Amino acid sequence: MITIIGAGKVGGAAALFSALRKLSDEILLLDIVQGLPQGEAMDLNHMLSEQGIDVTIRGSNDYSEMKGSNIVVVVAGSGRKPGMTRMDLLKINTSIVKGVVENIKKYASDSMIVPVTNPLDPMTYLAYKVSGFEKNRVFGMGNMLDLSRFKQFIHEATGFSRDSIRSLVIGEHGENMLPLARYSSVGGIPLISLLPKQKINEIVQNTRQVAAKVIELKGATIHAPGNAISTIIEAVVRDTKQVMPVATYLDGEFGYSDVSIGVPAVIGKNGVEKIIEPELDSYEKEWFKKGIDSVKNAISDMEF
Ligand code: NAI
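Keep in mind it's a predicted model, so treat the numbers as computed, not measured.

1. What about a nonpolar patch on the surface?
Working step 1: Among the surface-exposed residues, Ile32, Val33 and Leu36 lie close enough to one another that they form a single nonpolar patch of about 280 Å² accessible area.
Working step 2: Inspection of the secondary structure assignment puts isoleucine 32 in the loop between strand E2 (26-30) and helix H2 (36-51).

Structure (structure tokens):
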């Protein structure tokens, strides 16, 4: 069973994509708002009925119902509202995620936790520390969404099929993310030989900024994060060993410890089965470090 805690916009979209991909017979939506997860489940089940897909979605306000889950997605919490500082968000969501993870520990102690709530990297660290789970069982979704945006810009700039694009974004899920143009290709041809340097710089910059643009235009990002969550779940439940960036706890990798941040990893039935460390040049190291510094600052400000 897959449990999604937080039946709001992104939680609902994650349930939708996971059901369409038939990732589990049962998906549970949990939320503190009475009626919301139940209503969302009804709406989704009506859609699945027409699709002819026998996945059952349930909605509940009772954490104990997550018993037996193999994967728990944590997408409960607030998004950044106008006038709210990053620190305000950190404080609110630290308290929510801490409470949620304590319940996961109580009712689904054998599960994997996929944090999604922002700020993503500090929340992944928090979930790892509060749960006490092995580090391979706690991995956050952030860079997979950044990657979907980077790939869309590459598609727009080249005009080539999205299906031919292979790429990577690592580091902080935020303004210091590191889209890796050097490790990107289209149909096996390195991106750096397909596009001029100036265009690549522009794409990297746009990838860093486009989330704010979507939020400005429609108030939230919904479908792309929902889909990215289900891509991570799929790698676990189908044991695909797909290499993808996830936020996970570092213990010496890339030269850093006691911090959670996005890195390329092999994802399979045991969660993070291996962290891969591609060589970074000095410019890339600088951006990765900026992300590490920012996440470490946030971690030191968190009280839990
Ligand atoms: P939303 O406001 O639509 O949904 C959040 C839901 O969490 C609400 O229904 C609320 O009732 C619920 N909730 C709050 N406290 C709870 C608790 N203790 N237990 C259970 N449910 C609880 O927000 P949205 O747009 O779905 O975003 C959710 C979070 O995901 C935000 O922090 C947002 O910044 C983050 N996010 C992260 C992304 C990523 O790439 N990592 C992408 C998009 C959003």
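There's more to say after this.
2. Considerations on the domain arrangement of the protein chain
Working step 1: The assigned domain composition of the protein chain is domain 1 (2-142) and domain 2 (143-301).
Working step 2: The distance between the C-alpha centroids of domain 1 and domain 2 comes to 21 Å.
Working step 3: Each partner contributes to the interface: domain 1 provides 33 residues, whereas domain 2 provides 44 residues.
Working step 4: A buried area of about 3200 Å², summed over both sides, lies between domain 1 and domain 2, and 66% of it is on carbon and sulfur atoms.

3. Thoughts on the packing of aromatic side chains
Working step 1: Taken as a whole, this structure holds four aromatic pairs when the rule is applied.
Working step 2: Taken together, a centroid distance of 6.0 Å and an interplanar angle of 50° make the contact between tyrosine 256 and phenylalanine 288 tilted. Residue tyrosine 256 is located in the loop between strand E11 (242-251) and strand E12 (257-268), and its partner phenylalanine 288 is located in helix H8 (residues 282-301); the two are separated by 32 residues in the primary sequence.
Working step 3: Members of the aromatic cluster, connected to one another through ring pairs, are Tyr125, Tyr128 and Tyr249.
Working step 4: A cation sits over an aromatic face here: arginine 208 above tryptophan 287, 3.6 Å from the ring centre.
Working step 5: Its end group placed over the ring of tryptophan 287, lysine 290 keeps NZ or CZ at 3.8 Å from the ring centre.

4. Overview of the nonpolar core
Working step 1: Membership of the largest hydrophobic core comes to 95 residues, with the highest contact counts inside it found for Ile4, Ile57, Val73, Ile104, Met141, Leu250 and Phe288.
Working step 2: Inspection of this core shows a minimum of three residues originating in each of domain 1 (2-142) and domain 2 (143-301).
Working step 3: Sequence-distant contacts of leucine 250, that is, excluding residues within four places in its chain, are made with Tyr256, Ser257, Asp258, Val259, Ile261, Val263, Ile275, Phe288 and Ile292.

5. As for the pairing of E12
Working step 1: In terms of residue burial, E12 counts as a mostly covered element, since ten of its twelve residues are buried.
Working step 2: Sheet topology places E11 next to E12; ten bridges connect them, and they run antiparallel. Opposite leucine 250, over in E12, you have valine 259 as the bridge partner.
Working step 3: Taking the residues that link successive antiparallel strands as the turn, the E11-E12 hairpin has five residues, and the phi of glycine 252 there is positive, at about 105°.
Working step 4: Alignment of E12 against strand E13 (residues 271-275), held across four bridges, turns out to be antiparallel. Considered in E13, the bridge of isoleucine 267 is made with valine 272.

6. Comments concerning the packing of helix H1 (residues 9-20) against helix H7 (residues 223-237)
To describe two helices that pack against each other, one gives the angle between their axes and the distance between the axes.
Working step 1: Close contact between H1 and H7 brings their axes to 7 Å; oriented N to C, the two are set at 50°. With respect to each other, H1 and H7 are oriented oblique. Two packed elements cross with a definite hand, and for H1 against H7 that hand is right-handed. Along its contact with H1, which presents Val10, Ala13, Ala14, Phe17 and Ser18, the element H7 presents His223, Pro225, Gly226, Asn227, Ile229, Ser230 and Ile233.
Working step 2: Tallied by class, the residues present in the contact of H1 with H7 amount to seven nonpolar, five polar and no charged.

Quick notes on the rules
Residues numbered from 1 in each chain as written. Predicted model: local features only at pLDDT ≥ 70, side-chain atom pairs only at ≥ 80, totals over all residues. Heavy atoms only, no water. Patch = residues over 30% accessible without salt bridge, like charges linked within 9 Å, V, L, I, M, F, W, Y side chains within 5 Å. Areas by Shrake-Rupley, 256 points an atom, 1.4 Å probe, with all protein chains shown as cover. Salt bridge = Lys/Arg side-chain N within 4 Å of Asp/Glu carboxyl O. Helix = DSSP H or I, 4+ residues; strand = E, 2+ residues; numbered from the N terminus. Domains from an automatic or database assignment. Contact = heavy atoms within 4.5 Å. Buried area = accessible area lost by both parts, 1.4 Å probe. Phe/Tyr/Trp six-rings, centres within 6.5 Å; stacked < 30°, edge-to-face > 60°. Lys NZ or Arg CZ within 6 Å of the ring centre and 35° of its normal. Core = buried A, V, L, I, M, F, W, Y, C linked by side-chain atoms within 4.5 Å. Buried < 20%, exposed > 50% of the residue type's maximum accessible area, 1.4 Å probe, protein only. Pairing = 2+ DSSP bridges. Axes fitted to C-alpha atoms, helices over the stretch in contact; angles between N-to-C directions. Parallel < 35°, antiparallel > 145°, perpendicular 65-115°, else oblique. Left-handed = near helix turned anticlockwise from the far one by under 90°. Nonpolar A, V, L, I, M, F, W, Y, C, P; charged D, E, K, R; others polar.

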